Structure formats: C-alpha cells, structure tokens
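# Analysis of the macromolecular model
Chain residues, written in single-letter form:
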2 protein chains.
Amino acid sequence: MQSKEKEYVVVCGGAVKPAVSEIPKYVQNHKTYYIGVDGGSLKLIKAGYHLDYAVGDFDSVTEEEFQLIKENATHIIKHPAQKDDTDMELALEIVQEEFPDLECFILGGIGEKKGRLDHMLANIWMVYQPRFKQSVGRIKFIEKNHVFQFFFPGEYEISAEKMLPDYLSIITLTAVEQLSIQNAVYNLGTTDIGYPRALISNEFIDKNHPVKLSFKQGLVLVLRVNERK
Amino acid sequence: MQSKEKEYVVVCGGAVKPAVSEIPKYVQNHKTYYIGVDGGSLKLIKAGYHLDYAVGDFDSVTEEEFQLIKENATHIIKHPAQKDDTDMELALEIVQEEFPDLECFILGGIGEKKGRLDHMLANIWMVYQPRFKQSVGRIKFIEKNHVFQFFFPGEYEISAEKMLPDYLSIITLTAVEQLSIQNAVYNLGTTDIGYPRALISNEFIDKNHPVKLSFKQGLVLVLRVNERK
C-alpha cells in the first residue's frame, strides 16, 4: 500500500517561540516549505529552518539580521514599507501562486497573548477576500492554545487532532444556512442563522468522536481552544 | 450656561488591572453606573467601585469572594453555568434594558494580551446580534492599548480623544456602501466594499484633526490602537 506523501507550507509571522516549537507536531515526516513573514523569517531561521521565501518590508530587522535572512532563504521578496497589502497578505499570495495545492499552517498570524489586535483581526479578515477564496479552506492558524480553521459549505468531520482541546468553538463569519453540529457535547439541529454568530465553548465527547459539522451556505470558522496553559 | 450632566455605564469583564485603572480617564466628573461580569465584579470592587449590577454564574469566584460581591452590589443576577448566553451577553441585556440611553464602556471584553480568543471574538460578534442593535452604537470596548467603537451608516468625526493613538484602523464588519475616509494620513474616496475588509494602520494627522468617516450601508468597527506600551 502506497500513499502520496503529503506536503505542507508553513508561514511564520510574528510567532512567539511556543508557536514555532509547535511546527514538528504538525509536519512530522512530511515535505514542508517555509515562508517567513518579515521578522518571522528570523524566528524560523533561528529555529533551524531554511526558508523557501522571505517576504516583507523588513524594517523591523537590523541590517545584520537581514543578511542572515538572505543567506538562509531561497527567495527574498522585499516590499516598500508603505503598501496596500499587509505582509501576511503578500505571503498568502505566494501560497496561492506557488503552492496552490498544499495545506498551509500560519504561525503567529493571530498573536495569542501579544501584539496589536487590529493586525490579528486583519489576518482573520483575509479569509473574506475573494482573491484568497482558493486558499481559505486549506489554511490553519496555529497558536500555542488555539487552532483556527475555515470551512465552506459541505459536510465535515472535525477531529480532536493533535490537541484534544478543552473547547470547540464554531463561529460563523457570515449568515449560514442549515448549520448542523452533531456528535459534540452540545448539538445543534439544522438551523439557519441570519448573521455572524459565535457558538463558543462546545466540547468534543472524547478523542475518538469527531464532531460532525455541516451547512449549505456561508463561511464558518472553527476554533480548537485550550485554556491558557 | 448649563449642560445636562452626561451619564455612563461601565461594564467590567475579565479586565486586567490596567484596564480598570483606565476608568477615571473616561468617566471623570460624570455620574456612572457599574456592572460587574462574573470575576470582573471583584476587580471593580477591589478598585473601590460600588456595583449597580453583578451578573454571571460566579463559578470562577470562591464563596468568600461571592459574599464580598453581595455586600457591594445593589443587584445580583446569578445564572446557571450552562446557559445559552455568555455572561457578557447577559450584561449587555442589562445595559439595554436598564440604561437604554447611556454611553457604555466595556472593560476586559477583548482581553488584550490574555485569555481565550474565542471569548474575545464572541464579544465582538455580539454587535451582529439583532437584539443588541439599539446598543451597538453606544458601546466602546476599552483596553489599555485599544479602543473598539462601532458605527452604523452616517457621517462622523472620529477624534483622537483621550489617547492620541499610534494607529487608526477601520474594519468593516459587513459589506459597506460609499465608505469615505477623509482628513487622515491615508484617505479613501467614496468606495463600495462588497465584503468585510480590514483597512488598518491609518493615522490621525494630529490631535486637532478628527478623521471624517462616512458610509451609507453596513456596520463598521473603528479601532484606536497603540503599539504595546
């Protein structure tokens, strides 16, 4: 029995150390490409990774640090500081063009426990942009205690995965039609919701019971959440 | 010359100390009502405030602490731990019913630098709920380095206020029609945006130049943001 080796792309933004240390858990034994976003490039390099792309204006790094990035990245995409796109949007453009089929982990995009909340929201808000529609379904934002994943209409089994999280929160990013949550601690019969709605603090029954999620219209964010650890 | 004294209501969730210490800056010399949300009740009481309402399931406080809350709150609204509404939603119901005309500051609703991101999003997501429509325009979420404010269609002057923030970020929560941003460092001519879009890192020209914001349809979140201080 042979299966095609799975490949991943890892994008690293302002990840704090715990998030970079999560990488092996997700990509173990798989071919993996790395994109560093501005200062995130340094964090990946210092953790021993070689970058396929480094993107940003790099005004947050010293000249010396920028040299280090140049030595450890195959491609450097340097942008002016004043631009319409955020650095993370530029990175997602690369994911979309260069790695159109790979599952994508974004580290430090949410900035758990630190940083500017508008940056955090802007990174979530990327998924509303029509230009990223092909990529939204294969992104996961990974933080130490949170995994963000996005779903278009369909039927899914959400597994507890590497973390058996304390909470499973299902947040609709638009109106949704015929949302159903089954096999969870708190279930929801088929329901239309006319506006973005946060259904938080649901739970997995246990590690072997994936939660069944389905809906017919809309965009849904699923968070696996641990209490602060 | 006499003007009617302005009145405020302050809602305190899981506010960390810096947020509680921001209160006097906003409500100085004004009549103010206080609502404590679960453990936030304790933080207000310990900072010397008397509560008009304390609401929550209070499963995060000890029996002794709950006694302290009872002694220092005019009304206690105790709910079961398993309920459909979050404690913050229950508090906003009180704001809506008991203080229908007052400007409302919510502290610790966003949880800058701490806590669960699904709680944070759920608190922002409250503003989408039709039941809170009358209150959304008078809420501000206050954190140490962030102020969140919500706007329905109209023409506004956004002032730098108490903080002259490093950044002014304008995040549409829905599609918007005829959005215009003027008198800022980066202006936007009248533009329709068909989906939620984060226009971040704009800036005030200076303290005496309010930014002019207008739009005809939709819901807009304005963030005043300081870099971490």
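Calculation criteria
Counting restarts for each chain: residues are numbered from 1 in the order of the written sequence. Whichever chain is written first becomes A and whichever ligand is written first becomes 1, with later ones labelled in order. Note on the predicted model: pLDDT of at least 70 is required for a residue's local features to be given, and 80 or more for side-chain atom pairs to be given and counted; whole-chain, interface and lining totals, by contrast, use all residues. Hydrogen atoms and water are omitted, and side-chain values are computed over all heavy atoms in the structure. Numbering of helices and strands starts at the N terminus; helices are DSSP runs of H or I of at least 4 residues and strands are runs of E of at least 2. Burial classes: relative accessible area under 20% of the type maximum marks a residue as buried, over 50% as exposed, and values in between as partly exposed (1.4 Å probe, protein chains only). The contact criterion used throughout is that any non-hydrogen atoms of two residues lie within 4.5 Å. For our purposes a nonpolar core is just a set of buried Ala, Val, Leu, Ile, Met, Phe, Trp, Tyr and Cys residues, chained together by side-chain atoms within 4.5 Å. In short, DSSP must find at least two bridges between two strands for them to pair. Angles run from 0 to 180 degrees between N-to-C directions of axes, and those axes are lines fitted to C-alpha atoms, restricted for helices to the stretch in contact. A 1.4 Å probe defines the accessible area here, and the buried area is the portion of it lost by two parts on being joined, summed over both. Any carboxyl oxygen of Asp or Glu within 4 Å of a side-chain nitrogen of Lys or Arg constitutes a salt bridge here. These domain limits were set by an automatic method or by a database of domain assignments. Whenever two N or O atoms come within 3.5 Å, that pair is a polar contact, provided that in protein one can donate a hydrogen and the other can accept it, and provided that, for residues adjacent in sequence, both atoms are side-chain atoms. When residues are sorted by character, Ala, Val, Leu, Ile, Met, Phe, Trp, Tyr, Cys and Pro go into the nonpolar class, Asp, Glu, Lys and Arg into the charged class, and all the rest, Gly among them, into the polar class. UniProt positions are given in the numbering used here, feature names are shortened, and annotations may be inferred rather than shown by experiment. Each angle receives one of four descriptions, namely roughly parallel if under 35 degrees, roughly antiparallel if over 145, roughly perpendicular if within 65 to 115, and oblique otherwise. Handedness of each helix crossing follows the sense of rotation of the near helix against the far helix: counterclockwise by less than a right angle gives left-handed, clockwise gives right-handed.

Moving on to the environment of E227 of chain B. Relative to the assigned elements, E227 of chain B resides in the segment after β14 (220-225). With relative accessibility at 37%, the residue E227 of chain B sits in the partly exposed group. Distance from E227 of chain B to D166 of chain B, taken between C-alpha atoms, is 6.6 Å for residues 61 residues apart in sequence. The residues touching E227 of chain B, leaving out its near neighbours within four places in the chain, are R116 of chain A together with N145, D166 and Y167 of chain B.

What follows concerns the nonpolar core. Counting 84 residues, the largest nonpolar core has L121 of chain A together with L121 of chain B as its most contacted members. Among residues more than four places away in sequence, those in contact with L121 of chain B are M120, L121, I124, F148, I171, L221 and L223 of chain A. The next biggest cluster of nonpolar side chains, apart from the first, holds 25 residues, and it includes A19, I23, L51 and A54 of chain A.

A word on the sheet that holds strand β10 (residues 176-182) of chain A. All names here are of chain A. Sheet architecture is open: 4 strands sit in the order β8-β13-β10-β11, paired in antiparallel fashion. Strand pairing shows two members of the sheet lacking a second neighbour, β8 (154-158) and β11 (188-193), which therefore form its edges. Adjacent strand axes in the sheet meet at a mean angle of 15° when their direction is disregarded. In the sheet, β10 pairs with β11 via 3 bridges, with the strands oriented antiparallel. Residue pairing in the sheet places L179 in a bridge with T191 of β11.

To continue, consider unusual backbone geometry. In this structure, N29 of chain B is a non-glycine residue whose phi angle is positive, near 65°. In this fold, N29 of chain B is placed in the loop between α2 (23-27) and β2 (31-37).

As a further point, take the interface of chain B and chain A. It is common to give the size of an interface as the accessible area that goes away when the parts come together. Contacts between chain B and chain A engage 40 residues on the former and 40 residues on the latter. Each partner contributes to the roughly 3200 Å² buried at the junction of chain B and chain A, and carbon and sulfur atoms together form 68% of this total. As a salt-bridge pair, E89 of chain B and R197 of chain A come within 3.4 Å of each other at their nearest N and O atoms. Mapped onto the side of chain B that touches chain A, the elements with two or more residues apiece are α6 (117-125), β7 (146-151), β9 (167-172), β12 (198-202) and β14 of chain B. In terms of residue count, α6 of chain B provides more of the side of chain B that touches chain A than any other element does, 8 residues in total.

The subject of this paragraph is the domain arrangement of chain A. Residues and elements named next belong to chain A. Considered domain by domain, chain A is made up of domain 1 (1-144) and domain 2 (149-229). Placing a centre on the C-alpha atoms of domain 1 and another on those of domain 2 gives a separation of 25 Å. Taken together, the contact pairs 13 residues of domain 1 with 10 residues of domain 2. Counting each side, the surface lost to burial between domain 1 and domain 2 is near 1200 Å², with a carbon and sulfur contribution of 66%. Taken together, the connections running from domain 1 to domain 2 amount to 1 salt bridge. The tally of links between domain 1 and domain 2 comes to 2 residue pairs in polar contact (both at pLDDT 80 or more). Elements supplying a minimum of two residues to the side of domain 1 that touches domain 2: α2 (23-27), α7 (133-136) and β6 (139-142). Per-element tally for the side of domain 1 that touches domain 2: the top contributor is β6, with 3 residues. Classifying every residue of the side of domain 1 that touches domain 2 gives 7 nonpolar, 1 polar and 5 charged.

The subject of this paragraph is the UniProt feature "domain: Thiamin pyrophosphokinase thiamin-binding" (unreviewed entry) in chain A. UniProt marks residues 154-221 of chain A with the feature "domain: Thiamin pyrophosphokinase thiamin-binding" (unreviewed entry), using the numbering shown here. End C-alpha to end C-alpha, residues 154-221 of chain A measures 13 Å, and it is 0% helix and 53% strand.

Moving on to the sheet that holds strand β1 (residues 7-12) of chain B. Residue and element names in this part refer to chain B. Taking strand neighbours across the sheet as the criterion, the 10 strands line up as β4-β3-β2-β1-β5-β6-β7-β14-β9-β12 in an open arrangement whose pairing is mixed. Each of the sheet's edge strands pairs with one partner strand only, and the pair in question is β4 (73-78) and β12. Neighbour-to-neighbour, the strand axes of the sheet open up by a mean angle of 20°, direction not taken into account. Here strand β5 (residues 103-107) pairs with strand β6 (residues 139-142) via 4 bridges, running parallel. Residue pairing in the sheet places C104 in a bridge with I139 of β6. Sheet contacts for helix α5 (residues 87-98): β1, β2, β3 (51-56), β4, β5 and β6; angle to β3, the most-contacted strand, approximately 145°.

Another point: the packing of helix α3 (residues 39-46) of chain A against helix α4 (residues 63-71) of chain A. Residues and elements named next belong to chain A. At a minimum axis distance of 10 Å, the contact between α3 and α4 shows a crossing angle of 60°. Comparing the axis directions of α3 and α4 gives the class oblique. Crossing handedness for the pair α3 and α4: left-handed. Residue-level inspection shows S41, L42, I45 and K46 of α3 in contact with α4, the latter providing E65, L68 and I69. By residue class, the composition of the contact of α3 with α4 is 4 nonpolar, 1 polar and 2 charged.

α6 of chain B packs onto helix α6 (residues 117-125) of chain A with a crossing angle of 85° between their chain directions and a minimal axis gap of 13 Å. Put simply, α6 of chain A runs roughly perpendicular to α6 of chain B. Listed contacts from α6 of chain B to L117, M120, L121, I124 and W125 of chain A of α6 of chain A are L117, M120, L121, I124 and W125 of chain B.

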